[in-house]
Amino acid sequence: MVKSRKPLAFNTTMRNPGRMANFVSILAKYEDRILTSDLIFEIEAQFIRQKIYIPTKGVLGNYVPQKRGYYAEDQSPDAPIKVSDYYDEWKKSDPLNNPISLEKVVYLLKNTITSHKEAGYEFGWESRFQTHISFCNELGFTYIEKNRPILISETGKLLISKYKNGYPVDNYDSDPEHTAFLNAFAKYQTNNPWRKNTIAVNFLYLFLSTVKYLNENFGSKGISKKELPFFIVWPNNDYIELANFINKFRKVEGKKVSPEVIYDYAMNILDEDSDSKFGKATEEFKKKKSKAYKFDKLIKETPDDVMRKLRQSQLVSLRGAGYYLDINHFEDEKVEHVINNYANNFDFTEDCSKYFEYMGTIDSKLEFSSVTISDEKKKKIKDVRIKVVEKWANDCSWDKLSKEIEIASHGKRKSEDAILREIDKPTRLEFLAAIVMKKSLKDAQVIPHYKVDDEGIPYDTASGGSKKSIGTDIDVIENQYHVLLEPTCAESRSFQVEHEIPSIRNHVIQTVNQERKNEHEHEKHFAIFLAGKINGDVGDQVAATKYINNVEIYPLETKDYIEQAKIAEDLADYAVIEPYAKPHKI
């Protein structure tokens, strides 16, 4: 591959970095096996069988006899019907309890085609597989190349330590996953063997160093999201020059700057023949390079993706109603460690093995652990969570909350809110559920447990249970009531009936036992199970839990939760069994 000058561009096949653990969890079953063409089809079939990746019917359910040198394995007249039937069976299958056979999915892959072609891989599903694993290679979680053994690094194994067969285990804790991502992003450099770039940048180091310098020397409070393109096109690790550039840009152009102006300045940085990095690009250069450096890519798409990666590190906070990025001061020690230890940019040339070895080691100084966190820090985090929930409850209208919780729970629409759209939907649902409850009952204590930055904006969902934590999503306390609010975006029967309800039951029992132990027991306990859509069998499981364990769980769909919240006078008003949550009877 020929090296060329490229702006920073993370692989966007997995726009949500959280999906990476799902993929690597499945890949780990094949560790040390040689990656042949047949094995690629088997692994890709596992991705699809477990519904980690969900192709459309137009791709996976559409028989194609031949295309661009590809020939379907089954050339019989019955093949189109067989493909359609297998696709429908896969679509209806439950990956956790009643998955379709692996052989049927492999059949689908060998008789359908997807329009992907990557170097070293055959056109179609082989190349689609490569796009799924390429960023895993770049972050050092894996070393996967055709006709070589599949390798999983130590950081890769840490990434999936709370996963099994592509899914989180019971009492899932995201700390190991975030530790793995921070280790990877701290070391990540644009010039690596998998990307081939002429510019040498350690991106997280450059970002944190520049923001810190701006804050300390120019009284800045982070950087505007609009200024991210300057980081994306910057050619080296010189954070002082970049900070001075941004400061000068603010003085010359002001705060209300258009995307077109940002593009002009960013393009000038990319013009290696320009006399100065500061200034607007010439019309000649823009005309010549506008296809190579597309406006939407440079101004919107890549900055949005970079934001997701920065937030994934948990070292970056959202400020100014979500329009500014700054250092998360809850993690100052880790920020300083990255700045002091990851400035070196190494030349790995073509040596993927050396890069894998470097990226795959774990730096214990970059560990996230809710177990070892100090009591002082715990209190600060708890206080800012509660404070922000109260603020949003006061500021948000019922109409906005109704719209946003619909989007978060199962809507296909995207949020227009600058903060909410940066929060992954499962985490966003927990955030919104807590806000709705606080707006509903102003005197109740609403105590969420999702992970937050120093502005109280969530990074990730609440952790699962541990020796020091029950694993509740949100505690709600009012007078004699202690209620557990447990939201989920999952709508499958298996997840709701066989995972969520038993888990919630355990949380209620553990909560009561803990209160008795501390001699501070509330008189009444129950749980609210919140989802966009409640599966029809949940009612049976809830009734059985009440009968066997004397634990009350009240399932609510998000639309009904909002309506109940508008009229509720106390927590007892949420103890309602809706028609869809009643047990089946003859």
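Thresholds applied
- Residues numbered from 1 in each chain as written.
- Predicted model: local features only at pLDDT ≥ 70, side-chain atom pairs only at ≥ 80, totals over all residues.
- Heavy atoms only, no water.
- Helix = DSSP H or I, 4+ residues; strand = E, 2+ residues; numbered from the N terminus.
- Buried < 20%, exposed > 50% of the residue type's maximum accessible area, 1.4 Å probe, protein only.
- Phe/Tyr/Trp six-rings, centres within 6.5 Å; stacked < 30°, edge-to-face > 60°.
- Disulfide = S-S within 2.5 Å.
- Pairing = 2+ DSSP bridges.
- Axes fitted to C-alpha atoms, helices over the stretch in contact; angles between N-to-C directions.
- Contact = heavy atoms within 4.5 Å.
- Salt bridge = Lys/Arg side-chain N within 4 Å of Asp/Glu carboxyl O.

Visitor: Residue-level account of the environment of Ser469, with values.
Guide: By the secondary structure assignment, Ser469 is in the loop between β12 (458–460) and β13 (474–478). Here Ser469 falls in the partly exposed class, since its relative accessible area comes to 35%. The spacing of Ser469 and Lys365 is 104 residues in sequence and 23 Å in space, taken between C-alpha atoms.

Visitor: Which residues make up the packing of aromatic side chains, and what values go with them?
Guide: Aromatic ring pairs are described here by two measures, namely the spacing of the ring centres and the angle between the planes. Taken as a whole and assessed by the stated rule, the structure comprises 31 aromatic pairs. Centroid distance Phe135 to Tyr188: 6.5 Å. Interplanar angle 70 degrees. Geometry classified as edge-to-face. Of the two residues, Phe135 sits in helix α6 (residues 125–138) while Tyr188 sits in the loop between α8 (175–187) and α9 (203–218), which places them 53 residues apart along the sequence. By relative accessible area, which is 2% here, Phe135 ends up buried.

Visitor: I'd like to hear about the state of the cysteines, residue by residue, with values.
Guide: The final tally for this structure, using the stated rule, is 0 disulfides. Between Cys352, a free cysteine, and Cys136, which holds the nearest cysteine sulfur, the sulfur-to-sulfur gap is 15 Å. With a relative accessible area of 11%, Cys352 lands in the buried category. Of all cysteine sulfurs in the structure, the one in Cys396 sits closest to Cys489, which takes part in no disulfide; the separation is 18 Å.

Visitor: Let's hear about the sheet that holds strand β10 (residues 445–448): which residues, and what values?
Guide: On the basis of which strands lie adjacent, the open sheet formed by 5 strands has the order β10-β13-β14-β15-β16 and mixed pairing. Two strands in the sheet have a free side with no partner beyond their single neighbour: β10 and β16 (553–557). Neighbouring strand axes in the sheet, compared pairwise and without regard to direction, differ in orientation by 20 degrees on average. The pairing of β13 with strand β14 (residues 481–488) spans 5 bridges and is classified as antiparallel. Bridge pairing in β14 links Asp475 to Leu484. The sheet contacts of helix α19 (residues 425–440) involve β10, β13, β14 and β15 (524–531), and relative to β14 the element is tilted by about 145 degrees.

Visitor: Account for the pattern of salt bridges, with residues named and values stated.
Guide: Here the structure, examined in full by the defined rule, presents 33 salt bridges. Where Arg319 meets Asp326, a salt bridge forms, and the shortest distance between an N and an O atom there is 2.8 Å. A residue is classified by how much of its surface remains accessible, and Arg319, at 13% relative accessible area, is buried. Residue class for Asp326 comes out buried when judged on its relative accessible area of 5%. Via salt bridges that share partners, Arg319, Asp326, Asp454 and Glu455 belong to a single interconnected network.

Visitor: Could you give me a rundown of unusual backbone geometry, with the residues and numbers involved?
Guide: At Arg68, a position not held by glycine, the phi torsion is positive, near 50 degrees. By the secondary structure assignment, Arg68 is in the loop between β1 (66–67) and β2 (70–71). Notably, Asn479 is not glycine yet its phi reads approximately 50 degrees, a positive angle. Secondary-structure assignment places Asn479 in the loop between β13 and β14.

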